[in-house]
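Listed below, chain by chain, are the residues.
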Number of protein chains: 4
Amino acid sequence: MAEHRFQGIIPPIVTPLHDDGTVNFENLDRLVEHLIAAGVGGLFALGSTGQVAYLTDAQRLAIIAAVARTTRGRVPVIAGAIDLTAARVAEGARALLAAGADAIVATAPVYAISDEREIADHFRQIRAAIDAPLFAYDIPVRVNRKLAPRLLVDLGTEGVLVGVKDSSGDDVGFRRLIAMNAAAGRPLALFTGHEVVVDAMAMIGADGAVPGLANVDAAAYVRLWQAARAGDLARALTEQEYLNRLFEIVFCATGRSGDAAGVGAFKVAMAAVGLLDSAAMTPPLRPLDDAAVARIHAIVRDVGLRA
Amino acid sequence: MAEHRFQGIIPPIVTPLHDDGTVNFENLDRLVEHLIAAGVGGLFALGSTGQVAYLTDAQRLAIIAAVARTTRGRVPVIAGAIDLTAARVAEGARALLAAGADAIVATAPVYAISDEREIADHFRQIRAAIDAPLFAYDIPVRVNRKLAPRLLVDLGTEGVLVGVKDSSGDDVGFRRLIAMNAAAGRPLALFTGHEVVVDAMAMIGADGAVPGLANVDAAAYVRLWQAARAGDLARALTEQEYLNRLFEIVFCATGRSGDAAGVGAFKVAMAAVGLLDSAAMTPPLRPLDDAAVARIHAIVRDVGLRA
Amino acid sequence: MAEHRFQGIIPPIVTPLHDDGTVNFENLDRLVEHLIAAGVGGLFALGSTGQVAYLTDAQRLAIIAAVARTTRGRVPVIAGAIDLTAARVAEGARALLAAGADAIVATAPVYAISDEREIADHFRQIRAAIDAPLFAYDIPVRVNRKLAPRLLVDLGTEGVLVGVKDSSGDDVGFRRLIAMNAAAGRPLALFTGHEVVVDAMAMIGADGAVPGLANVDAAAYVRLWQAARAGDLARALTEQEYLNRLFEIVFCATGRSGDAAGVGAFKVAMAAVGLLDSAAMTPPLRPLDDAAVARIHAIVRDVGLRA
Amino acid sequence: MAEHRFQGIIPPIVTPLHDDGTVNFENLDRLVEHLIAAGVGGLFALGSTGQVAYLTDAQRLAIIAAVARTTRGRVPVIAGAIDLTAARVAEGARALLAAGADAIVATAPVYAISDEREIADHFRQIRAAIDAPLFAYDIPVRVNRKLAPRLLVDLGTEGVLVGVKDSSGDDVGFRRLIAMNAAAGRPLALFTGHEVVVDAMAMIGADGAVPGLANVDAAAYVRLWQAARAGDLARALTEQEYLNRLFEIVFCATGRSGDAAGVGAFKVAMAAVGLLDSAAMTPPLRPLDDAAVARIHAIVRDVGLRA
């Protein structure tokens, strides 16, 4: 079967900021070059890890324009058009595509209380409004709704979706999605968003991964992916276990929100090895405290992370 | 104690549409006049009942401009600035105020995964960006987060919030909110969003109600409110029980989403008595089916609703 | 309409313990006498407030035997037969009735994952196995399932249920339950379990209340109830607001489980005014810490609680 | 490192019933012999698949006595002591051990609302009351609570737990549990309860699996497990994909409860190939309807299942 255009490690890139909360475009360029050099299969900008929810439309467009300009077509640039429902998502998606994105990621309706037919129509309405590949982003913890495997594969067969980023935390559902997709002739490219199980997901048939932690060590994820696809299970496991020790950084900021603890940890680790000038997060998120930063630094040192 | 500027029945107005899904501004004008004539204490446009999540920014501004123009200051116009997080909400709120809104309603962060301090900062950031009264909208079923009474009252005392619309379904929390607010000198105007308990909430100290069903029979809610405030419990109960029989319309469309069943029922009933030309809902929401419409019409007839 | 046999304030009695965790039957007798003297309409033993989940079958039977012996038929004794599913509940219920209980309370299936028809059959199976009135206990926070108003009223009409204790925190659902029950000829006696809204629930038609806080001040709840039923809203409100200030004791033990913070607070307050010898809770629940106890004592003093 | 005593495929055995709902001990004996012949590593009786929640204490003891008698020590017999909290669980566990069980499985507290320290004390209290290995059963969908990896490993190190059955649906948590357990010297034997990912879990370090579907085709799971442990990924994947096609039987009974649809499907398939005389479920669960049975039979045929 033909390979999907979208495959491999596609980091959901963080949005580098200056300490005053404005976007640091110089750092963004540097990060894009760093990730491409590591061998990633694409770049996913404006995802949850990019703190898309906190960015205005103007900021989002400027970020995509910068990423596309730096990328120069070497890998596809996928943009999160994260908004409440279809009409708003479609409007945002058209602007992001005009700014240089190659593909769009959209979630189920947010804030709305939808049934399954409405969710299907939601994705159809978005796809009809754009001339580009559309991915579904399955992230119930943020949108309060799990996307059913059957729905996704049917929308793939229908030509509405080209792929799925699965951050559902539901491995049974993801396995069923892989099986149903295979039975339907693989209309969808299937990506896991879970940092710690990329080896296993590769082995059972995922097309790629979108791990936030790849901002911190993209090269290790690329090695892991190549080993898994080559059938070298032992090597994949070794890389994954290294990455899992590193992933413990996201549990360091106890008592903080999920948004602050996770992205905060990635940024602190990236700053520690020189990938970012600042670990600042989007307002109103305050920086991690010194104790959490010290714990993250200790893990970074223990596992031997280098940029 | 001084009366709050915002009080009484403040309908969260539906967004009248043509059958093709575009906004019916003629119907909107008519609805605004109808509600003002019924004696409402204000108008809340762009709420969940107004299907704000499905409207683009341009549509939102046009709606507020129309409502403000028709209202001519007779009652305050409160606009829902419903978006993901503070920077986006603030941007939207400024535009809505420029279009004629008198006050803004905002929810806790959506899509983001926030802690309590971040939620407080979220409201502070919005309030700092606007020069108008700000209400918090407590609606966990949509934003996946309950606002704590202590947080709300503290933000009231701090001057960030002037009031709360409570659609939390948590009557214990609302009672504690009333008590804490009273103990703090009533910085907040407190509104219930629950159609069927307005009598009880009035009796225990709410400042008003924002019932979606008031689109269908505003006059009954105004009579209920006046009776309750006058201490005429029997009269208030009678009006409430009439309204509760009418409210059963929202349970007629079985197997449909919450958004479609509720707003759909309000619109079908409004169309039945001539308040709207069409019961169309915002795409991708499809109309209620004939069986549901028939059940709604039967209830409308049985309770004797008239415009 | 005829009065229900079960009505008014029916405290869900705590289970008094010695410091070693064994049941203090002398304190239990004293508590029963104290509550009956206060004018309660019945006693609900082995509820969540009685920490029924932590008691063995032998302890449960001994408690019901003691309560029934002390009560001597002056008020009905209702026993919680709290177990996983119907066969187990029925077995427990028969033993509790043999030990002296007058009626049984059962929840939806626990641990099981049931649909609505199975839940109806669950209650039918329990009722068929006993010769006594059966109440449904609607407590989704513990059993992960809300009982639908329609289901409850239908089971009432069918003769399976005589009443409902509503601890669902869903005031809209409770209001609909009251309306549906009235329309069906009032087959059910309807009790609210929410301490802080008894005034409002009385005014809208509840038959009684089962407030855990009535262990601490039963007399105030009885006065509240009598005022509400007599239509003296101002008096009812005054009593309720006093009780709500007292209820803040359950929020004093921050960082503790719901079970420990709530029942722990009731027991600390009861011990403070001499109603119990010890505030010990069922193992493995450890006592509240000194800081929490001090905060509870301060509230008890501030509101002027006396036994 | 030493092998754990508990490892490999340990089916959570269904409870065979006669059509009248009584236990079919002849079928139970036959099932036990069938599973042992297939090469299972142990038998887990009285789990969710065994519909333990619906069985009385007397039924539970009779089942364990029968299973132990038939097993004659060839493999360990693990019994689910499923009850609300520690005192009740401990009492049940002692009886089950006396009836012949070799080890006990217990969940977090049910019905109770506990914090993490109370959950740890809960397991400690159970372990202190018995003289046998204790497993934790992590099943949030039934007990409304996820067990934290850190807690589990600490209880392993402390000697309270010997293992975990993970039915949490949280693959990230399970991966972290494997890593923390390895770092602590492997005090725990770790089992996945998810039928469709046993290949992946074996490859990343699970000690075994407890798949309900192993009632239907134990031999395939044993082959899968042996292939995975031998590093034969392709073979493991092939067996898993066969089993996953078979697992679709649990999605055939649409509109039924999770308990009825899942166990019902297993029993229908087992009856289809002669492993059971009846697909009857524990009351109040009614049989699957003819359409669902037909769909299950079609899958059984399509995949070529034989006993």
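Analysis parameters
Residues numbered from 1 in each chain as written. Chains lettered and ligands numbered in written order. Predicted model: local features only at pLDDT ≥ 70, side-chain atom pairs only at ≥ 80, totals over all residues. Heavy atoms only, no water. Salt bridge = Lys/Arg side-chain N within 4 Å of Asp/Glu carboxyl O. Helix = DSSP H or I, 4+ residues; strand = E, 2+ residues; numbered from the N terminus. Buried < 20%, exposed > 50% of the residue type's maximum accessible area, 1.4 Å probe, protein only. Least-squares fit on C-alpha atoms with pLDDT ≥ 70 in both. Contact = heavy atoms within 4.5 Å. pLDDT = per-residue confidence, 0-100. Buried area = accessible area lost by both parts, 1.4 Å probe. Polar contact = N/O pair within 3.5 Å; in protein donor to acceptor, adjacent residues only side chain to side chain. Pairing = 2+ DSSP bridges. Right-handed = clockwise from strand over helix to strand, strands pointing away. Phe/Tyr/Trp six-rings, centres within 6.5 Å; stacked < 30°, edge-to-face > 60°. Lys NZ or Arg CZ within 6 Å of the ring centre and 35° of its normal.

## Some remarks on the pattern of salt bridges
Under the defined criterion, the tally for this structure stands at 76 salt bridges over all chains. Two residues, Arg88 of chain B and Asp83 of chain A, come together in a salt bridge whose shortest N-O distance is 3.2 Å. Highlighted residues: Arg88 of chain B in helix α3 (residues 86–98) and Asp83 of chain A in the loop between β3 (77–80) and α3 (86–98), drawn from two different chains. When its relative accessible area of 5% is taken as the criterion, Arg88 of chain B is described as buried.

## Re the relation of the copies chain A and chain B
It takes a turn of 180° to lay chain A on chain B, together with a shift of 0.0 Å along the axis; the resulting RMSD is 0.0 Å. Accordingly, the operation relating the two chain copies is best matched by a two-fold axis. The fraction of interface residues of chain A whose copies in chain B are also interface residues reaches 100%, indicating that both copies meet through the same surface.

## Brief notes about the confidence of the model for chain A
In the predicted model, chain A carries a mean pLDDT of 96, and the fraction of residues at 70 or more is 99%. Interface scoring of the predicted complex returns ipTM 0.96; its pTM is 0.96.

## Quick notes on unusual backbone geometry
For the bond running from Pro283 of chain C to Pro284 of chain C, omega is 5°, close enough to zero to count as cis. Summarising the element assignment, Pro284 of chain C is placed in the loop between α11 (258–272) and α12 (290–303). The backbone of Asn144 of chain B shows a phi angle near 70°, a positive value even though the residue is not glycine. Classification of Asn144 of chain B as partly exposed rests on a relative accessible area of 44%.

## Some remarks on the interface of chain D and chain A
Many analyses report the size of an interface as the accessible area lost when the parts associate. On the side of chain A, 22 residues touch chain D, which itself brings 22 residues to the contact. Counting the surface lost from both chain D and chain A, the interface buries some 1900 Å², and carbon and sulfur atoms represent 60% of this. A per-residue breakdown of the area chain D buries against chain A is headed by Asp171, Arg175 and Arg176 of chain D, which together make up 31% of the total. At the boundary of chain D with chain A, the tally comes to 4 salt bridges. The salt bridge involving Asp199 of chain A is made with Arg175 of chain D; its shortest N-O contact spans 2.7 Å. Summed over the shared surface of chain D and chain A, the result is 6 residue pairs in polar contact (both at pLDDT 80 or more). Only α7 (171–183), α8 (198–204) and α10 (233–247) of chain D provide two or more residues apiece to the side of chain D that touches chain A.

## What about the pairing of strand β6 (residues 163–166) of chain D?
All names here are of chain D. Along β6, one buried face is formed by Gly163 and Lys165 and the opposite face, lined by Val164 and Asp166, is buried too. The pairing of strand β5 (residues 134–138) with β6 spans 4 bridges and is classified as parallel. Looking at the pairing, Tyr137 lines up with Lys165 of β6. For the crossover from β6 across α7 to strand β7 (residues 189–192), the handedness is right-handed.

## With respect to the sheet that holds β6 of chain D
One open sheet holds the 8 strands; their spatial order is β1-β8-β7-β6-β5-β4-β3-β2 (chain D), and the pairing between them is parallel. Edge positions in the open sheet fall to β1 (8–9) and β2 (43–45) of chain D, since each of these has one partner strand only.

## Concerning the packing of aromatic side chains
Inspection of every chain in the model, using the stated rule, returns 16 aromatic pairs over all chains. Judged by centre distance (5.0 Å) and plane angle (85°), the ring pair of Phe6 of chain A and Phe135 of chain A falls under edge-to-face. Of the two residues, Phe6 of chain A sits in the segment before β1 (8–9) while Phe135 of chain A sits in strand β5 (residues 134–138), which places them 129 residues apart along the sequence. Its relative accessible area of 5% is what places Phe6 of chain A among the buried residues. Residue Phe135 of chain A is classed as buried on the basis of its relative accessible area of 3%. Ring centres of Phe44 of chain D and Tyr137 of chain D lie 6.0 Å apart, and the angle between their planes is 85°; this geometry places the pair in the edge-to-face category. On the criterion of sequence distance, the pair formed by Phe44 of chain D in strand β2 and Tyr137 of chain D in strand β5 is long-range, its members being 93 residues apart. The residues Phe44 of chain D and Tyr137 of chain D share a single accessibility class, namely buried. Here Arg176 of chain C stacks its cationic end above the ring of Phe251 of chain B, 3.2 Å away from the centre of that ring.

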